[in-house]
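Chain by chain, the residues run as shown.
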Amino acid sequence: MSSKLRKAQEKLDVYYQEVTTIILSRQNAASGLIPASVAITAHGDYRDAWVRDNVYSIMAVWGLALAYRRLDDDQGRAYELEHATIKCMRGLLFAMMRQAKKVEQFKCTQALNQALHAKYNTATGDTVVGDNQWGHLQIDATSIYLLCLAQMTVSGLHIIYTVDEVQFIQNLVFYIERGYRTPDYGIWERGNKMNHGQPELNMSSIGMVVAALQAINGVNLFGSRGGQSSVIHVLPDEIARNYTTLHSALPRESPSKEIDAALMAVISFPAFAVGDVTLINRTRMNIVKKLGGRFGCKRFLRDGHQTVLEDHNRLHYEPHELKIFENVESEWPLFFTYLILDGLFYGDKEQVEKYRDLMEPLLVDSNTVGLYSNAENTEMYEADPKPSMKLVPELFIVPKESIDEERKNPGSQERVPNQNVPLVWAQSLFILGNLIYDDLLSVADIDPLGRRLGPAAHAQQLDTVVQVVLLADSVALQQRLATYGLETHTIENCAPITISKPSSLRDAYSFLGRNEKQGLSGRPDRPMGTLSTSKIYRCQGQLYAFLPHFMDREEFYLVSDNDYLVSLFEEEISTVRNHWMSSGRPTIVVMLTNQMLGNLETHSSRAGQNTSKHNLLNFFISIGSTGVCNGTRVRVGRLSEMVNTACVESLDFLINRGDVAESWDALLRGSEPPNSHKLKSDPIADYQTKTHLPMRSRSIRTTLPPVSVHDLPTKSPLAKSVGYSPEMEELTLMDKESASPIKRAQSPAPLEDAPVSLPLGNPSQTKVAIELLYTCNDIHDQADLLHYLYSCHGLQYEIPGLAPLNVLLEEVYRKGMHFKNWSVVRQAAGILRKTVNSLTSNLADLLIRQKPVTIGIRPKEYFIDSPKNPTALAQIIFENCIIDTREAPLIQEIITYLGQIIRGQPALFSGIMRIRTHFFVIAMREEISRAIRCDEERAIEHLMQLSPFELKTLLQQVLIAHDQVDGLYFDPAKLASKRVILKEIGKEKPAKESKPQKATHKLVISAQSGGFDAGDFANIEIQADDLPISFPFPFGRGLNMIALDPYDGNIIDAGCFDLHSSEAESEIFAQRIESLDDGVIVAIAAKDDFFKKIRESAIKGCESIGSQHIRNVQFRDSWCIIGEKGASIGSVPEFHRFAHLGPTEKITSVIDLTTRSLHPDEKRMRRPSGGPMLPSDGRWLRRRRNDGALNRVPPEFYPKVWRLLSKTTGIKVGSAVLKSHPTISESTPEELNFALQVENLLDNFIDPAEHQIAVECLVVISRIEERNPELTLIGSVIDLRSLIKEAIIAFWNSWISEQYNQIALTPLICKTDDIQKVIDNSSNTPLIELSLDIPKAERVIKDRDTSPRISDVSAQAQAKAKTVLKNAKRCAEDEQQEKKEDDSEFSYDKNDKLARRIFFDVRQDGVNGTMSYLATACVRHAFGVVWTPERANAAANK
């Protein structure tokens, strides 16, 4: 043996002595388990075997065994150490297998009392405490066991012996795979840091889950001799969800812990779970900076564990107690061992030496251990460790006498180790680090899976190419699509590859891990994600491809909207690209059905629906021709050509299972019983009621005339302000569009019948409702009638001669989907309590990114901070969304869309602490109300009628609004009114002109209409200088109108008026037309019908813009016009076509705006069409409303509020107060729980815009305090509402003064021409309306000397000029009295609502910005000083 090997062996022998003495001497001979320590102290009995401690403790034994393998003559020690490792791992396995029943229960429930136990009796492996007597749910413990099992197995150890054990391990994978949505007690067994028994989502646990799932996936537990039955399978979607959760939360540990030293095990050895190098460095830096000390690292901030200040008589802490532990937390040398290993793995020698030097003085000589033991409370299994061994204490504490000094000067006092010496876990990692440091072991030896290379591999990952295969469900559809240039294939063309539904793959995986002897059922019945279905599967040489789950026919209505399907496909493609880690390319097989793309003929009777179908067709044509989908490289082609480059996964585990060995092919093919649900190619068949249903004599669809009753008077409660909870109102039916596709053209015009009142829940009108149902052929009336019957009798009520109520509702639901009547669809879905299949996963996507979700309205707002199972989540939604039946489906959509958006665009959620679904509804309602200038009730009705895609788009725009303060959502819907109009004694005074917009030279306007039988669509297209302008809202039933300024092309007015259902809408339409100035350009397109309720005033309004055909229009005719206010009848482009003749032709008008230039004086005197114009044209008001509704705050907002709160006694909003004590004592600045408390306080502002002003106010106070340390806060409480009011009053007074200055009468320069102008105009123009403004008397006198003398003009001119001057003096005498009246008229008290609205639209920064006014108010009332506006602005703004 060479001298080098001899020296290595000598070193190994020293380590062998340490390992056997400190670790193996404590290993139980029978069970193989190792106690955490040998002590019994006031803090617990350490003689039990914790799963986590055992795994860490045995790592040094395993590492030493690997080191001995390098020697030719190891004296049998490698074998000895390997089997000691195997015995420990199997001991843990046996202890857990005895709790297989809990594994089975927990897979489905994630219940705390059904979790595997975290510690066992060292001698027997039995449980030592009850299910509810300890925080057993510690997912990190189970995960690190699986992680080390994979590493050790790959290194050559044979730990698993039987198939039963393999199947149990597979179920442990199912046990932990939903760690991203399972709050647990974490590595410190306490959950919330106050130790109240409240579990949390801990990133240290989720990080271990990521590592375990990645490591054990594909590992054959029998080693090289095993077959397919001993391979562990992990679905990539579960890895991706946990991975995303981890990366979105770091460096935060949990809601109550902003950082935790346990994360060192996640970012480095042994997990290596983080793929972002920047995030790794950031997390490490936070740990060292916030938790590092001379004696180790604190576990987390304000950790009272084993400090001398801790009350040992109870496990939990009181909220106010946490503050006393600040700066005196115990420091753990354990984390120095992690930092040493971290430096060794990443090659940072400086870091290694630094922490080895820090570690050296902390080690305790084994000969002196007794000095720190308590003979009364300590029992030893074995003798003390032999001399000359350095032991790692568990932790170091600050002695009681040094507490005060340590608080004053953290890190200045000496600490002493506690009684638990050594902590075997820490000792094991210390030995492992020494073995690597001494070059006796390499990092590759203890990381045979190469997990340490993960970050580098992730950074260098090549761009993923997604393969897409397009299939048609029939040859006829394939041929039809080919005529449009889209090449598809049929299932038969894919042979011998079998195409199956995603449910077949789900069913196949349900057999994975199934074991009757242990009572294990295998994988729970959960949907398969896109990453899983993007693989080709092989079983016994037969290949199978599975359709993606997101395109499967769900019970919910979302996928019936083709536009939504396109957006969903784009997002899933991006998800696959971002999370694909498998070998080979992902392959997505798409089945195109006749329902999606059938009847594509351009002039079909449903042209409105065809637009959606063409969009879907064009999307697939586009990705095929460009090879790009939403920035992802895509290859479209034949499945047979893509197999060689695809990822192929084995399903051969099915072969060896007796319960499916004979039928695995049928299982994978998706064979179903005869009565199972099949996709239908006939779109009408999808919504028709089945004729074989019991007690059904006819369909609810009928050809009888529609029921005609008066308008629906109720207002949707969602249109009310926050907190509105009215009593249940009556439902009055109204006749809407006929849903019957049969003989609609022959239906007579509706009759005027008496209204029918059907109070919900009152069964007295049941007979009337049923009789109406027999004759009703209007889908809206059908839905309302069924809703009434449901409220009285329930879903199972049998309607004589028809069918059960639930069957009829299902039919209305399907008809609504077919005809894209989304309001009816949502109403029926709410009654039927339908849920989105992917709802829980989308909720989880929000929660795992630390975005809690609330359902309902305060005070009954339900807070969701942990994922729920589908049944529980559905119950929460339907129990808290009871005001409107459409609310529950709408909330489900919002959660679904937000989950999808946050996966692809997480930056949009920056500054949003939690997702309050009701406030998202309010934000969308405000967007619609602002865009189409309607009240809240109509905005909600527009919202409910939006398609899923339109609703999702609107939701995205609400999120984007924060970054688009200089642009409007419905771009470029800019009102032409550029002035504020002040009413003063019957006179209008135009305020200062706002900054002019870029001039538009040419407008090209086109319009087209299709009545209900002619395509049911409306379209208005506008181009300004060849740039398209979007119509500012979805086209609705009735008349869709847009009015354009004839001089600059800006949108003056826009709206949708439902003249089919409401005479009031007809009057509103007429008034809006009448309010327009002559020359305004008006484009109108009809959709469905507007004839039914049109009145003479509306007809005259149409004639006032030049219509000559309006009086010829009949029921559901097609009609459009591009008119001009004041134009003569017949002089403008217009088209009318009767209902049975199809849609109108497209009419177009090209308008040259340069020929319509206004004279400057005319511009000044021109009366605006709109109301008061806001300072920023509504942009800042919109931003504040959206941000307030979404609770969006600027970066570092909550830490600033925490520091502010620490310097005062509280922050007040009305009667609600956030007190400094105990808030500051129980929370840290970046703690999530503190942020939620601040958010709850700000929720007391009902107006979302004022909520955001309050945020600005707190930021201002914080900036003033930071930049002016000489100032101190006065008073006990910061009253936000008072400060905001003070700022608004100051702004209002300044603003009113500015308006007076702008409208003040200009001085008269008495030149001859001017006087002549006065003379010429004074005879026929009232003095107050002269274009030359009258001066004040003082200015006239002052300027008289510099002007031509009056005697220089004619006597007549002199006389008239004197009259003018006399009138001017009279005006001057009355000015003082008028000013007093003005002061009263424009006082804040009389105009508080207007003042607030205007103030909320003022931009933030600048001398006249909101923050400047807030700063002035704050320094005066909060700091007791008076500043100039310039200094306040400098202090408030960056």
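Residues numbered from 1 in each chain as written. Predicted model: local features only at pLDDT ≥ 70, side-chain atom pairs only at ≥ 80, totals over all residues. Heavy atoms only, no water.

Asks: How would you explain the sheet that holds strand 19 (residues 853-855) if you had to name every residue and give the values?
Replies: If you trace the three strands from one edge of the open sheet to the other, you get 20-19-21, paired in mixed fashion. For this open sheet the edge positions go to strand 20 (862-864) and strand 21 (915-916), each flanked by a neighbour on one side alone. Of the pairings in the sheet, the one linking strand 19 to strand 21 comprises two bridges and is parallel in character. The residue of strand 21 that forms the bridge with Val 853 is Ile 915. In this fold helix 30 (residues 870-880) packs onto strand 19 and strand 20, with an angle of close to 155° to the strand it touches most, strand 20. (Pairing = 2+ DSSP bridges. Helix = DSSP H or I, 4+ residues; strand = E, 2+ residues; numbered from the N terminus. Contact = heavy atoms within 4.5 Å. Axes fitted to C-alpha atoms, helices over the stretch in contact; angles between N-to-C directions.)

Asks: Residue-level account of the pattern of salt bridges, with values.
Replies: Evaluated as defined, the whole model comprises 64 salt bridges. Residue Arg 52 is joined to Asp 140 by a salt bridge in which the shortest nitrogen-to-oxygen separation is 2.7 Å. Residue Arg 52 is located in helix 2 (residues 51-69), and its partner Asp 140 is located in helix 5 (residues 139-154); the two are separated by 88 residues in the primary sequence. Relative accessible area serves as the criterion here: at 3%, Arg 52 is assigned to the buried category. Between Arg 925 and Glu 936 there is a salt bridge, and its shortest N-O distance comes to 3.5 Å. One end of the pair, Arg 925, is in helix 32 (residues 917-932); the other, Glu 936, is in helix 33 (residues 936-945), with 11 residues separating them in the sequence. The exposure class of Arg 925 is buried, given its relative accessible area of 3%. One salt-bridge network, in which partners are shared between bridges, spans Glu 861, Arg 914, Arg 916, Glu 1239 and Asp 1243. (Salt bridge = Lys/Arg side-chain N within 4 Å of Asp/Glu carboxyl O. Buried < 20%, exposed > 50% of the residue type's maximum accessible area, 1.4 Å probe, protein only.)

Asks: Outline the packing of aromatic side chains, listing residues and values.
Replies: By the definition in use, this model includes 32 aromatic pairs. Note on Phe 1197 and Tyr 1198: the rings are 5.2 Å apart at their centroids and 75° apart in plane angle, and the pair reads as edge-to-face. Relative accessible area serves as the criterion here: at 2%, Phe 1197 is assigned to the buried category. In textbook terms, an aromatic cluster arises when at least three aromatic residues are bridged by ring pairs, as seen for Tyr 56, Trp 188, Trp 332, Phe 335, Tyr 338 and Trp 425. The ring of Tyr 161 has Arg 90 sitting right over it, with the charged end atom 3.7 Å from the ring centre. Sitting over the ring of Phe 511, Arg 514 keeps its end group 4.2 Å from the ring centre. (Phe/Tyr/Trp six-rings, centres within 6.5 Å; stacked < 30°, edge-to-face > 60°. Lys NZ or Arg CZ within 6 Å of the ring centre and 35° of its normal.)

Asks: Outline the packing of helix 1 (residues 3-22) against helix 14 (residues 424-437), supporting the account with residue identities and numerical values.
Replies: Between helix 1 and helix 14, whose axes approach to 11 Å, the crossing angle comes to 170°. By the angle between their directions, the pair helix 1 and helix 14 is classed as roughly antiparallel. On helix 14, the residues that touch Leu 12, Tyr 15, Glu 18, Val 19 and Ile 22 of helix 1 are Gln 427, Ile 431, Asn 434 and Leu 435. Of the residues contributing to the contact of helix 1 with helix 14, the split by class is six nonpolar, two polar and one charged. (Parallel < 35°, antiparallel > 145°, perpendicular 65-115°, else oblique. Nonpolar A, V, L, I, M, F, W, Y, C, P; charged D, E, K, R; others polar.)

Asks: I'd love a proper account of the packing of helix 19 (residues 562-579) against helix 31 (residues 887-904), names of residues and values included.
Replies: For the pair helix 19 and helix 31, the least separation of the axes is 10 Å and the interaxial angle reads 40°. Considering their axes alone, helix 19 and helix 31 lie oblique with respect to each other. With respect to the hand of their crossing, helix 19 and helix 31 are arranged in left-handed fashion. Residue-level inspection shows Tyr 564, Leu 568, Glu 571, Glu 572 and Thr 575 of helix 19 in contact with helix 31, the latter providing Thr 896, Tyr 897, Gln 900 and Arg 903. In terms of residue class, the contact of helix 19 with helix 31 is made up of three nonpolar, three polar and three charged. (Left-handed = near helix turned anticlockwise from the far one by under 90°.)

Asks: Can you tell me about the pairing of strand 31 (residues 1134-1137), naming the residues and giving the values?
Replies: The alternating pattern of strand 31 places Glu 1134 and His 1136 on a buried face, while none of Phe 1135 and Arg 1137, on the opposite face, is buried. Both strand 30 (residues 1118-1124) and strand 31 contribute to a ladder of four bridges, which runs antiparallel. Among the inter-strand pairings, Ile 1121 is bridged to a residue of strand 31, identified as Glu 1134.

Asks: Residue-level account of unusual backbone geometry, with values.
Replies: The omega torsion of the bond from Phe 269 to Pro 270 falls at 5°, within 30 degrees of zero and hence cis. Tracing the chain through its elements places Pro 270 in the loop between helix 9 (264-267) and helix 10 (277-291). The peptide bond linking His 1221 to Pro 1222 adopts the cis configuration, its omega dihedral lying at 10°. Counting through the fold element by element, Pro 1222 comes out in helix 40 (residues 1220-1226). Residue Asn 327 is not a glycine yet carries a positive backbone phi of 75°. In this structure, Asn 327 sits in the loop between helix 10 and helix 11 (334-346). A positive phi is found at Asp 1016, a non-glycine position, where the angle reads about 55°. The residue Asp 1016 is located in the loop between strand 24 (1002-1011) and strand 25 (1017-1024) in this model. We classify Asp 1016 as buried; its relative accessible area is 9%.

Asks: Mind laying out the nonpolar core, listing which residues take part and the relevant values?
Replies: In this structure, Tyr 145, Leu 146, Leu 149 and Ile 169 are the most contacted members of the largest nonpolar core, which totals 144 residues. The greatest single-element share of this core, amounting to 13 residues, is contributed by helix 2. Look past the residues within four positions of Tyr 145 in its chain and what remains in contact with it is Val 51, Val 55, Met 89, Leu 92, Leu 93, Met 96 and Ile 169. (Core = buried A, V, L, I, M, F, W, Y, C linked by side-chain atoms within 4.5 Å.)

Asks: Any chance you could break down the side chain of Glu 331 for me, citing the residues and the numbers?
Replies: The residue Glu 331 is located in the loop between helix 10 and helix 11 in this model. Looking at Glu 331, the relative accessible area reads 3%, which means it is buried. Within the structure, the side chain of Glu 331 is placed 3.0 Å from the backbone nitrogen of Phe 295, a separation counted as a polar contact. In contact with Glu 331, other than residues within four places in its own chain, are Gly 293, Arg 294, Phe 295, Gly 296, Cys 297, Lys 298, Leu 395, Phe 396 and Arg 415. (Polar contact = N/O pair within 3.5 Å; in protein donor to acceptor, adjacent residues only side chain to side chain.)

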